[in-house]
Amino acid sequence: MPTVIWEEPFCGEGNSCYRLGVDGDGNSYIAIAGQEAQYLTDTGEALRQLIRDIKAGKADHLLAD
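Residues numbered from 1 in each chain as written. Predicted model: local features only at pLDDT ≥ 70, side-chain atom pairs only at ≥ 80, totals over all residues. Heavy atoms only, no water.

A. Structural detail: the overall build of the protein chain. In terms of helices and strands, the protein chain carries 2 helices and 5 strands. What you see in the protein chain, going N to C, is helices and strands ordered as β-β-β-β-β-α-α. Buried residues in the protein chain amount to 18% of all 65 residues. At a minimum sequence separation of 6, the contacts of the protein chain that also span at least 24 residues come to 17%. Accessible area of the protein chain: about 4,800 Å², with a carbon and sulfur share of 52%. (Helix = DSSP H or I, 4+ residues; strand = E, 2+ residues; numbered from the N terminus. Buried < 20%, exposed > 50% of the residue type's maximum accessible area, 1.4 Å probe, protein only. Contact = heavy atoms within 4.5 Å. Areas by Shrake-Rupley, 256 points an atom, 1.4 Å probe, with all protein chains shown as cover.)

B. Up close: the packing of aromatic side chains. Under the definition given, this model contains 2 aromatic pairs. Considering the side-chain rings of Trp6 and Tyr29, the 6.4 Å spacing of their centres and the 65 degrees angle between planes classify their relative orientation as edge-to-face. With Trp6 in strand S1 (residues 4-6) and Tyr29 in strand S4 (residues 28-32), the pair connects residues that are 23 residues apart, well separated along the chain. For Tyr29, a relative accessible area of 4% translates into the label buried. (Phe/Tyr/Trp six-rings, centres within 6.5 Å; stacked < 30°, edge-to-face > 60°.)

C. Examining the environment of Leu40 more closely. Secondary-structure assignment places Leu40 in strand S5 (residues 39-42). Taking the C-alpha atoms as reference points, Leu40 and Ile30, 10 residues apart in sequence, are found 5.4 Å from one another. In contact with Leu40, other than residues within four places in its own chain, are Ser28, Tyr29, Ile30 and Leu47.

See the structure below:
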């Protein structure tokens, strides 16, 4: 497992809290807070776009339990 430096969690109203992180190679990570061992990794730009889409409501169907 790479060494990831995690930021403070981002929590939306009524949603799970997410954490963003980076490693020494410049890879970006996103995980549900408290579940950092299960993360997605991609380029920083790809994850920024994912976050913009989630905030815009374009990915609500992915967040349902």
